[in-house]
Amino acid sequence: MGDVAPGRLRPALTLATAGAVSLFAVLLAHEFLAFGTQPNDLIAPAGAVCVAPPCLTTATVVTGLVAKAIGAGVVFAIIGAVWTAGRARWLIAGGFFALQYLWSLVGIASGYRGHFGTAWAWWEPFADLLWHPVTTPALLMAGLAGCLGLDRLVRPWRMAGA
């Protein structure tokens, strides 16, 4: 019992950490690149102090993205515990990352629906507000590289004898 995290625990924790941190970082970058920030700590397109909650503040956005990262981290932990090493681990984790990233962008864009005065269908806010032919794929690739690279960077010290 000399090892701190025997068996499947450490591979689960490393992938959970790598996935959650990477997903949080690229979603935050994407949202701030798309909408920016405004005075009074509000996210665009709101320009005045919010008088009635919920308000789209930077703190609200960060809190929501932390919650998303924690939820995704649980699934990454399950993936890491089931597939402790190998190609399947990275393929499944990478596929889940891509799915979470794109689905999260749909949710983020839908949160701005009311601020733009439209009657969009569920996918239209993403297509109109967050899809960019360079930014979206570039951040997806950066997030995938960050997730899988961080997992690989942290895992070599996981177990000396395994």
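Note that the coordinates shown come from a computational prediction; the quantities given were computed from them, not determined experimentally. (Residues numbered from 1 in each chain as written. Predicted model: local features only at pLDDT ≥ 70, side-chain atom pairs only at ≥ 80, totals over all residues. Heavy atoms only, no water.)

### Here we look at the overall build of the chain
Move 1: Regarding its fold elements, the chain presents 5 helices and 0 strands.
Move 2: Helices (α) and strands (β) of the chain occur, in sequence order from the N terminus, as α-α-α-α-α.
Move 3: Residues classed as buried in the chain amount to 38% of the 162 residues present.
Move 4: Expressed as a percentage of contacts within the chain between residues at least 6 apart in sequence, the contacts between residues at least 24 apart total 68%.
Move 5: Split by element, the accessible area of the chain, about 8600 Å² in all, is 72% carbon and sulfur. (Helix = DSSP H or I, 4+ residues; strand = E, 2+ residues; numbered from the N terminus. Buried < 20%, exposed > 50% of the residue type's maximum accessible area, 1.4 Å probe, protein only. Contact = heavy atoms within 4.5 Å. Areas by Shrake-Rupley, 256 points an atom, 1.4 Å probe, with all protein chains shown as cover.)

### What to know about the confidence of the model for the chain
Move 1: For the chain, mean pLDDT is 80; residues scoring 70 or higher make up 75% of the total.
Move 2: Within the model, the stretch residues 158–162 combines pLDDT values under 50 with 7 contacts to residues more than four positions away or in other chains. (pLDDT = per-residue confidence, 0-100.)

### Here we look at the nonpolar core
Move 1: If you look at the biggest cluster of nonpolar residues, it comprises 31 residues, and the most contacted ones within it are L27, F76, F97, Y101, L105, I108 and L130.
Move 2: F76 has contacts with A12, L15, A16, G19, A20, A93, F96, F97 and C147, leaving out every residue within four places of it along the chain. (Core = buried A, V, L, I, M, F, W, Y, C linked by side-chain atoms within 4.5 Å.)

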